[in-house]
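# Commentary on secondary and tertiary structure
The primary structure of each chain is shown beneath.
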Amino acid sequence: MRKFRKPRCPYCGKKIGLIAAWALRTQGEYLCPKCGGIADVVLNGSVYGLAFLTVLVSAVFFILALLNFLPFDLWLLLLVVLPFLLFYLVSVFLVRLRKP
């Protein structure tokens, strides 16, 4: 698995803030305000495995509740939603900027 780190401009090395990186996930290009370089926004390959693991963990909690091993209550909802919240928080560190 590759490193979890904040994205940085491939030209000048300026790190991008977490909120800006979170917004970049859906963008195709990034224009560096410091050096003016244009970079492609790509997701690290680890994001797909992490997404699969997130869905799998949530599905296990849900299936355990369907089989009456866990009670249907607010805690179950939290157990099902929590992996997705963690995925969105971690996905900020899996954004990469690459020279076109």
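A brief report on the enclosed structure follows. Remember, it's a predicted structure, so these values are computed and weren't measured experimentally.

Here the focus is helix α2 (residues 46–66). Between the first and last C-alpha of α2 there are 30 Å, a value that for 21 residues agrees with the 30 Å anticipated at 1.5 Å per step. Contacts made by the buried residues of α2 are with β2 (38–43) and α3 (74–91). Downstream of α2 by a residue or two, asparagine 68 has a phi angle that is positive, lying close to 65°.

Strand order in the open sheet formed by 3 strands is β1-β2-β3, and the pairing between neighbours is antiparallel. Since the sheet does not close on itself, it has two edges, and those belong to β1 (29–31) and β3 (95–98), each with one partner. This sheet shows a mean twist of 40° between the axes of neighbouring strands, independent of strand direction. Pairing geometry for β1 and β2, over 3 bridges, is antiparallel. The residue bridging glutamate 29 from the neighbouring strand is aspartate 40, located in β2.

The subject of this paragraph is a positive patch on the surface. A contiguous patch of positive charge, built from Lys3, Arg5, Lys6, Arg8 and Lys15, is present on the exposed surface. Looking at where arginine 5 falls in the secondary structure, it is placed in the segment before α1 (18–24).

Moving on, we come to unusual backbone geometry. Phi is positive for asparagine 68, which is not a glycine, with a value near 65°. Its location among the elements puts asparagine 68 in the loop between α2 and α3.

What follows covers the packing of α2 against α3. In contact at an axis separation of 8 Å, α2 and α3 are set at 175° when each is read in the N-to-C sense. Taken together, α2 and α3 sit at an angle that is classed as roughly antiparallel. Residues Val47, Leu50, Ala51, Thr54, Val55, Val57, Ser58, Phe61, Phe62 and Ala65 of α2 form the contact with α3, whose participating residues are Leu76, Leu79, Val80, Pro83, Phe84, Phe87 and Val90. Counted by class, the contact of α2 with α3 contains 15 nonpolar, 2 polar and no charged residues.

Moving on, we get to a nonpolar patch on the surface. On the surface, Leu74, Trp75, Leu77, Leu78, Val81, Leu82, Leu85, Leu86 and Leu89 cluster together into a nonpolar patch covering about 930 Å² of accessible area. Accessibility expressed as a relative area gives 62% for tryptophan 75, which makes it exposed.

With that settled, the discussion passes to the environment of valine 80. Assignment of secondary structure puts valine 80 in helix α3. Each C-alpha atom of the pair valine 80 and alanine 20 lies 27 Å from the other, and the pair is 60 residues apart in sequence. The residues touching valine 80, leaving out its near neighbours within four places in the chain, are Ser58, Phe61 and Phe62.

This next bit is on the nonpolar core. Side chains of nonpolar character tend, in soluble globular proteins, to be buried together. The biggest cluster of nonpolar side chains holds 11 residues, and these are Cys9, Ile16, Ala21, Leu24, Tyr30, Cys32, Ala39, Val41, Val92, Val95 and Leu97. Mapped onto this core, the elements with two or more residues apiece are α1, β2 and β3. Look past the residues within four positions of leucine 24 in its chain and what remains in contact with it is Ile16, Glu29, Tyr30, Val41, Val95 and Leu97.

Rules used throughout
Residues numbered from 1 in each chain as written. Predicted model: local features only at pLDDT ≥ 70, side-chain atom pairs only at ≥ 80, totals over all residues. Heavy atoms only, no water. Helix = DSSP H or I, 4+ residues; strand = E, 2+ residues; numbered from the N terminus. Expected span 1.5 Å × (residues − 1). Contact = heavy atoms within 4.5 Å. Pairing = 2+ DSSP bridges. Axes fitted to C-alpha atoms, helices over the stretch in contact; angles between N-to-C directions. Patch = residues over 30% accessible without salt bridge, like charges linked within 9 Å, V, L, I, M, F, W, Y side chains within 5 Å. Areas by Shrake-Rupley, 256 points an atom, 1.4 Å probe, with all protein chains shown as cover. Salt bridge = Lys/Arg side-chain N within 4 Å of Asp/Glu carboxyl O. Lys, Arg positive; Asp, Glu negative; His and termini not counted. Charge placed at Lys NZ, Arg CZ, Asp CG, Glu CD. Parallel < 35°, antiparallel > 145°, perpendicular 65-115°, else oblique. Nonpolar A, V, L, I, M, F, W, Y, C, P; charged D, E, K, R; others polar. Buried < 20%, exposed > 50% of the residue type's maximum accessible area, 1.4 Å probe, protein only. Core = buried A, V, L, I, M, F, W, Y, C linked by side-chain atoms within 4.5 Å.

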